[in-house]
Amino acid sequence: MMGQILLSLAIFVPVAGSFFLPLAGKLSSRFRNILAFVLVSVSFIASAAMLPSALSGGQANYWQIELPLGLTFGFLGDGLAVFMAMVSSFIGAIIVLYSIGYMSHYNNQNEYYLLVVLFIGSMMGLVYSTNLIFLYVFWEIAAIVCWRLIGFFREKETVKRADKAFLVTVFGALVMLIGFFLIYQQTGTFDMLQMKGVQISDWAVALILVGIFAKSATLPLHTWLPDAGVAPSPVTSLLHAAVLVKIGVYAYARFFLVNFAMNPVWHIVVPIVVGLSAIVSAGAAIIEKDIKRLIAYSTVSQLGFIFLGLSTGSILGIAGGLLYILMHGLAKGGLFLCAGIVEQNAGTKDITKMGGLIKVMPVTAVTFIFCAFSVMGLPPFGGFFSKYLVISGAVSSEQAWIALAFIVGAILTIIYLLRAFTMVFMGETKLAGFEDIREGSRTMLVSVSVLAGLSLAAGILINYPSAFVQTIVQQMAVVIR
Amino acid sequence: MSDMMLLFPIFVPVFLGAVMFLVPGKAKWVKEALLLIGTAVTLVVSILFFGKNMDFVLPWGGFGMDLSLKLYQFSSFILLSVAVFAFLIALYSVVSMKGHEQAKKFYAYMLLTLGFVSGAVLANNLIILLFFWEGLLVLLFAMIMTGGKKASPTAVKALVLNGVADLCLLLGVGITVFISGTAAMDKINLPMDFWGSFAFALMMIGAIGKAGSMPFHSWIPDAAIDAPLPFMALLPAALEKLLGIYLLTRISLDLFIFQPGSGMSIAMMTIGAVTILLAVMMALIQKNFKRLLSYHAISQVGYMILGIGTALPIGIVGGLFHMINNAMYKSALFLTGGSVEKQAGTTDLEKLGGLGRKMPITFTCFFITAAAISGVPPLNGFFSKELIFEGAAESGLVFYIVALLGAFFTAASFLKLGHAAFLGKRRTEHDNVREAPWPMLVPMIIIAAGCILFGVYNALPLNNLIQPVLGAKLGGESFAGILPASWLLAGISVGVLVLALANHFFGVKRTKSGLGAVDHIHYAPGLKTVYKWAELRYFDPYNIGMVIVGGISKVLWWVDRGIDWVYDKFTVRLVNILSLGIRKAHTGSHRLYIAWALGGMALLAVLVAVLI
């Protein structure tokens, strides 16, 4: 009973609560901001409270309603779902906190907070859904909200980019929906719990992968993500670290690691596709001059590592992939929020026009390099463990050549992140009015420091996330090899 | 002694290093005290540890990543050496870094580095080794950054070059752990089949990369100029060599079955030989005290790799002996360079000269250690080099000849350096230069005395520290002794030294200056152009690598742009073309639209009727 209540709170408090935010905003903007933070925090706390029962199988965190036409509307909080929900809602909450500082100068804040909280809420719904159709519904709610958020600044170019992101991800989702129907044809149900362990056809896998890769910005469906950098920085951070691109990764784990069996050939095809994605986007990141686009390409590249971990089919790799979701979320969230501070206070996104900012933004510079170290996978930061496990997972499924390709990707990662860091924060400045540039506001600095600190702590205290992930991997039914 | 104490040399310095960040900037002596306490405690602990056997396992990361530490003869020897150098250099830095605006951070990084190095040495789990090993990258980057604004390109270069080597090590560890089914280093012993050799090669790259061998070396000469001097004495000269050669020995002796004459052995010896020769050729023409030394820091590691690469007991013993000797004289040489810089204000050899009288103790230390690195008997460098020569001569004449050439150029460049800095005419602005303060002199004196001790009484290090590492592989043989095993090779080595001396006098007579002693080599026809290109960094592997990465990235970027074009332009045009026909039907006429709607409804009604 308790589990069911917590589960409902985690989903419906942000989904339903978001619509009250504009009302709250009419009363006081301060109240609205706090309420937004509270709504997302409730999701995190409720998810965290489900943790003990989720780790012991998650049967307590389950309810469903029978609907006509044989549909079921159900939610389940098992280990994987709770893990993903905790990561997303935690980073989401930090980003809402940051938004309070960042968004304070802009119009339409009521709309902003409504969308952001609904965005996180739809992620919660998606993560806990047991039914493919409702999973799809939350998937599309996220897409619609995301479309508005990317186009938040309403300029012509911005709206065009938002349309592009919407069209690509919705195209993918519709293709995926066809895949769902193929599964329905085969099993006669959309309820994932009833089709555990079913081997689905290659067509269904391929169609679903299109949806997943479109959402998780993987080659060749990735170019909307760098373009989405026109959104307000906290939104980009949300897209990259907590919600949007993590949907595809989560869906991959949910479908192909927990639920369906698939032809083993996919354990070779997917790593090759994501390997190409990781290297092409890393190369693009080295050339890119816009700081937000640069970090966006980095996300595309790092998503390749996550997919590699999840797709090779070895336990080490899966564990690494899941840890990677956490580590990358913390670090990439931090990087984007730092980029937001830089972009807002320096007034440009072009890294060739910056330089020397460490002098005026010491906190931002240090948090940026902390997060960058974690993305590079250097110990003692958390990214080290996930990167090692992903690579050794590829090795232990006897795909050492793919692992070697990813080592090249990791080298490129070091190069482009150091390049970004030095061009923004080191050397002589090229900015006019350098003396007047100030550090971000206090809530912004607190947010980035928390993320950077956790990136470090997640490495030193790796035993906690690692034990969590270990339990999740044991729960997974369909682990091939 | 509880096995838990194995955590001390890791956590004490790391903890104090972390505390250092909390010390307010204005507090006097607190940071210095923390540094000295941290290094001293580590030193005491590692002295207590010496010769003991301990094991400690703490479950940590899951998935086989247990914090497993093992103290045995080899690791206790390396740990002790690390602690000694860290303490001496800490003592030196307290004076030499005084008043440096980044001193606090530098001390903190120094302590953290000490803790991480201890961790890497004690690790008995490959993944934990990797954790500490790669963690040093962050500290390396941070330490070079303390050199000031201009240091950041060098810091990036160091991180990228070492990062490449470390990522190779990561893959090597992954493969090794997979093949052997365990990450416990004392349980792994793999044959060199295809994957075995592949893993060995990757781990070797990691090891020699840390040691600063070619092609992972080119950040060292840059750091010599940009980073604070104690950094050079601590990391590239001492700790990184110890660590790199430690791992190289571990993989060659324990983790893999490494045979003389195997392909890997020849590859390793080739890397060693190339490193010796090219780096020393570069050292020869340097006109800056620190930069000259830094090229020797690269060149000397070539000897160690060559020695261990022979896979013969004599070569491995020689390589290890050379490792500890090099750490001694190289760090002492950097320290002498530091005191010259501190007292005379520059390390530019064109502006130095005649300092020997003003700084007699520094000069004496320099003289001893320079003689040791040049291989003058009976100093320590002579004996370790002889062992490597014997191993090399047994493995292939070409390796021996290259090693000899290296010895010639080493001696020649140190004759030039000593002459240019300490002898000759003193500049008037250096009339008031004084000897360095005692805390800077003491470490130099101790290390220089050690160079004499380890030479004259080489049984002490060989029998107690180095030969036990090989254990049974040695078959009870001992290479200790004041008399050389092969009079022929020793004679040739001494002959080479005499030649170097003759060359020096020839050069000095020719150009009338100590600095010009090797100009006849520098500006020899043919060599002159090569040197010019080298000075322009045409051969810097980092620059070459960056050009390649830049080119490939550009191509990948265009691939990406191509894909984007499909979305932004191609799809839009395609849709426009495809919709041409339909567009004609949408004229804006309401009547037509109503007709369409009605038609559609009728069609739907028919459909429903048919289906029901």
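How each quantity is defined
- Residues numbered from 1 in each chain as written.
- Chains lettered and ligands numbered in written order.
- Predicted model: local features only at pLDDT ≥ 70, side-chain atom pairs only at ≥ 80, totals over all residues.
- Helix = DSSP H or I, 4+ residues; strand = E, 2+ residues; numbered from the N terminus.
- Rg over C-alpha atoms; globule rule 2.2 N^0.38 Å.
- Buried ≥ 20, exposed ≤ 12 C-beta atoms within 10 Å, placed from the backbone.
- Contact = placed C-beta atoms within 7 Å.
- Domains from an automatic or database assignment.
- Nonpolar A, V, L, I, M, F, W, Y, C, P; charged D, E, K, R; others polar.
- Core = buried A, V, L, I, M, F, W, Y, C linked by C-beta atoms within 7 Å.
- Axes fitted to C-alpha atoms, helices over the stretch in contact; angles between N-to-C directions.
- Parallel < 35°, antiparallel > 145°, perpendicular 65-115°, else oblique.
- Expected span 1.5 Å × (residues − 1).
- pLDDT = per-residue confidence, 0-100.
- Pairing = 2+ DSSP bridges.

A look at the overall build of chain A
Reasoning step 1: Within chain A, the secondary structure is distributed over 20 helices and two strands.
Reasoning step 2: Compactness check: chain A gives a C-alpha radius of gyration of 21 Å against a globular reference of 23 Å for 481 residues, within 12% of the reference.
Reasoning step 3: Counting only C-alpha atoms, chain A reaches 65 × 55 × 40 Å along its principal axes.
Reasoning step 4: Across the 481 residues of chain A, 64% fall into the buried class.
Reasoning step 5: For chain A, contacts bridging at least 24 residues in sequence account for 82% of all contacts bridging at least 6.

A look at the overall build of chain B
Reasoning step 1: Counting its regular elements, chain B contains 23 helices and two strands.
Reasoning step 2: In terms of principal-axis extent, the alpha carbons of chain B reach across some 110 × 60 × 55 Å.
Reasoning step 3: Within chain B, counting contacts between residues at least 6 apart in sequence, those at least 24 apart form 80% of the total.

Things to note about unusual backbone geometry
Reasoning step 1: For the bond running from Leu219 of chain A to Pro220 of chain A, omega is -5 degrees, close enough to zero to count as cis.
Reasoning step 2: At the junction of Met214 of chain B and Pro215 of chain B, the peptide bond is cis and its omega measures out at 0 degrees in the coordinates.
Reasoning step 3: Structurally, Pro215 of chain B is set in the loop between helix H7 (194-211) and helix H8 (219-226).
Reasoning step 4: The phi torsion at Ala217 of chain A lies on the positive side, around 40 degrees, for a residue other than glycine.
Reasoning step 5: Within the fold, Ala217 of chain A resides in the loop between helix H9 (202-215) and helix H10 (224-227).

Focus: the domain arrangement of chain B
Residues and elements named next belong to chain B.
Reasoning step 1: What the domain assignment reports for chain B is domain 1 (1-197), domain 2 (259-528) and domain 3 (555-611).
Reasoning step 2: With centres defined by C-alpha atoms, the gap from domain 1 to domain 2 works out at 27 Å.
Reasoning step 3: No other element matches helix H3 (residues 73-96), which puts 12 residues into the side of domain 1 that touches domain 2.
Reasoning step 4: The residue inventory of the side of domain 1 that touches domain 2, partitioned by class, reads 10 nonpolar, four polar and no charged.

What to know about the nonpolar core
Reasoning step 1: If you look at the biggest cluster of nonpolar residues, it comprises 429 residues, and the most contacted ones within it are Phe119, Ala142, Cys146, Ile150 and Phe406 of chain A together with Ile144 and Ala403 of chain B.
Reasoning step 2: The residues touching Ile144 of chain B, leaving out its near neighbours within four places in the chain, are Ala151, Thr154, Ala155, Ala158, Ala223, Asp226, Ala227 and Phe231 of chain B.

Regarding the packing of helix H5 (residues 79-102) of chain A against helix H20 (residues 463-475) of chain A
Residue and element names in this part refer to chain A.
Reasoning step 1: Interaxial distance between H5 and H20 falls to 8 Å at its minimum, and their mutual angle equals 140 degrees. For the element pair H5 / H20, the angle class is oblique. On H20, the residues touching Gly79, Leu80 and Phe83 of H5 are Phe468, Thr471, Ile472 and Gln475.
Reasoning step 2: Its residues placed into classes, the contact of H5 with H20 shows four nonpolar, three polar and no charged.

Focus: helix H6 (residues 109-128) of chain A
Reasoning step 1: End to end, H6 of chain A covers 29 Å across 20 residues, agreeing with the expected 28 Å (1.5 Å per residue, within 8%).
Reasoning step 2: With 18 of its 20 residues buried, H6 of chain A lies for the most part within the structure.

So, the interface of chain B and chain A
Reasoning step 1: Each side of the interface is counted separately: chain B has 36 residues, and chain A has 42 residues.
Reasoning step 2: Sorting the residues of the side of chain B that touches chain A by element identifies helix H5 (126-145), helix H6 (152-180) and helix H21 (541-578) of chain B as the ones contributing at least two each.
Reasoning step 3: If you tally residues by element for the side of chain B that touches chain A, the top one is H6 of chain B, at 13 residues.
Reasoning step 4: Within the side of chain B that touches chain A, the residues separate by chemical class into 24 nonpolar, seven polar and five charged.

Some remarks on the packing of H5 of chain B against H6 of chain B
Reasoning step 1: Look at H5 of chain B against H6 of chain B: their axes get within 9 Å of each other, and the N-to-C directions meet at 175 degrees. Judged by the inter-axis angle, H5 of chain B sits roughly antiparallel to H6 of chain B.

Remarks on the confidence of the model for chain B
Reasoning step 1: This prediction gives chain B a mean pLDDT of 88; 100% of its residues lie at or above 70.
Reasoning step 2: Confidence scores differ between elements of chain B, with helix H22 (residues 580-585) of chain B showing the lowest mean pLDDT of 78 and H6 of chain B the highest of 93.

Things to note about the pairing of strand E2 (residues 72-76) of chain A
Residue and element names in this part refer to chain A.
Reasoning step 1: Across five bridges, the pairing between strand E1 (residues 62-66) and E2 is antiparallel. Within E2, the residue paired with Glu66 across the bridge is Thr72.
Reasoning step 2: Remark: five residues form the turn of the hairpin made by E1 and E2, two consecutive strands paired antiparallel; Leu69 in that turn has positive phi of roughly 65 degrees.

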